[in-house]
Amino acid sequence: FSLVYFSIGKVAYGYLLVHAEAKKPDSGGRFWVEAMRWLCCVLGLFVLLMTGVLVARFNTFWCGPAAVTLGALLAVYALWGRLHAYEWET
């Protein structure tokens, strides 16, 4: 039974994948750039939020896990700089 089921599925979905939709023009470049910039912003906010959680939990900043998150914040800042250094085509 499973051989018949998967054989029919392969034929049906193989057809749908190739012929069901017409090719549309690509407009993802502009949206991709904006999505990457927003992702970097949200990632920075997430790192700051987790730093605050660690500071609140351990009641210290310089001698605990919260100090380690500064490395992650520096990595996010480096990513931000790399994203803005690219010459994106629009």
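How each quantity is defined
Residues numbered from 1 in each chain as written. Predicted model: local features only at pLDDT ≥ 70, side-chain atom pairs only at ≥ 80, totals over all residues. Heavy atoms only, no water. Helix = DSSP H or I, 4+ residues; strand = E, 2+ residues; numbered from the N terminus. Rg over C-alpha atoms; globule rule 2.2 N^0.38 Å. Buried < 20%, exposed > 50% of the residue type's maximum accessible area, 1.4 Å probe, protein only. Contact = heavy atoms within 4.5 Å. Phe/Tyr/Trp six-rings, centres within 6.5 Å; stacked < 30°, edge-to-face > 60°. Lys NZ or Arg CZ within 6 Å of the ring centre and 35° of its normal.

1. Quick look at the overall build of the protein
- The helix and strand inventory of the protein stands at three helices and zero strands.
- Written out in order from the N terminus, the α and β elements of the protein read α-α-α.
- Computed over its C-alpha atoms, the radius of gyration of the protein comes to 23 Å, more than 25% above the 12 Å expected for a compact globule of 90 residues.
- Reported as C-alpha extents along the three principal axes, the dimensions of the protein are approximately 65 × 45 × 15 Å.
- Buried positions account for 11% of the 90 residues belonging to the protein.
- Taking all contacts inside the protein whose residues are at least 6 apart in sequence as the whole, residues at least 24 apart take part in 58%.

2. Some points on the packing of aromatic side chains
- In the structure shown here, the tally under the stated rule is two aromatic pairs.
- Ring centres 6.5 Å apart and planes at 20° place the aromatic pair Phe1 and Tyr5 in the stacked group. Neither residue differs from the other here; Phe1 and Tyr5 are each classed as exposed.
- Judged by centre distance (5.3 Å) and plane angle (80°), the rings of Tyr5 and Phe6 are edge-to-face.
- Overall, the relative accessible area of 54% leaves Tyr5 in the exposed class.
- Members of the aromatic cluster, each reached through a chain of ring pairs, are Phe1, Tyr5 and Phe6.
- Above the plane of the ring of Phe58 lies Arg57, whose end atom (NZ or CZ) is 6.0 Å from the centre.

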